[in-house]
Amino acid sequence: MDTRIKELREDNDLTQQQIADKLGITQRKYSYLETGTQQLTDEILVKLSRVYDVTTDYILRLTDKPK
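What this report covers is the structure whose coordinates are included nearby. Predicted, not measured: the structure shown is a model, and the values here were computed from it.

How each quantity is defined
- Residues numbered from 1 in each chain as written.
- Predicted model: local features only at pLDDT ≥ 70, side-chain atom pairs only at ≥ 80, totals over all residues.
- Heavy atoms only, no water.
- Buried < 20%, exposed > 50% of the residue type's maximum accessible area, 1.4 Å probe, protein only.
- Helix = DSSP H or I, 4+ residues; strand = E, 2+ residues; numbered from the N terminus.
- Arc of directions from axis to C-beta.

## Some remarks on helix α4 (residues 42-52)
Phase 1 of the analysis: All buried positions along α4 are accounted for by Ile-44, Leu-45, Leu-48, Ser-49 and Tyr-52. For α4, the angular spread of buried residues about the axis comes to 140 degrees, placing them on one side. Facing away from the buried side of α4 by over 90 degrees, the exposed positions are Asp-42, Glu-43 and Arg-50.

## Focus on unusual backbone geometry
Phase 1 of the analysis: Here the phi dihedral of Asp-53 falls at roughly 55 degrees; this positive angle occurs in a residue that is not glycine.
Phase 2 of the analysis: Counting through the fold element by element, Asp-53 comes out in the loop between α4 and α5 (56-59).
Phase 3 of the analysis: In this structure, Arg-61 takes a positive phi of about 65 degrees despite not being glycine.
Phase 4 of the analysis: Structurally, Arg-61 can be placed in the segment after α5.

Okay, here's the thing in structure tokens:
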């Protein structure tokens, strides 16, 4: 599934390590999420939506409206 998490991270000038720290996961696992090697869990999806203050639908590209 193509998500917006890399775009959101780069738009906010954050590193993979910074986001991984906010999520409580390793940078390597976060990298796998960005590349689609591992799928987002519901828990991580919700955490990412809170970090970036956007809806989960926006992250999953189900809408183009962030809020």
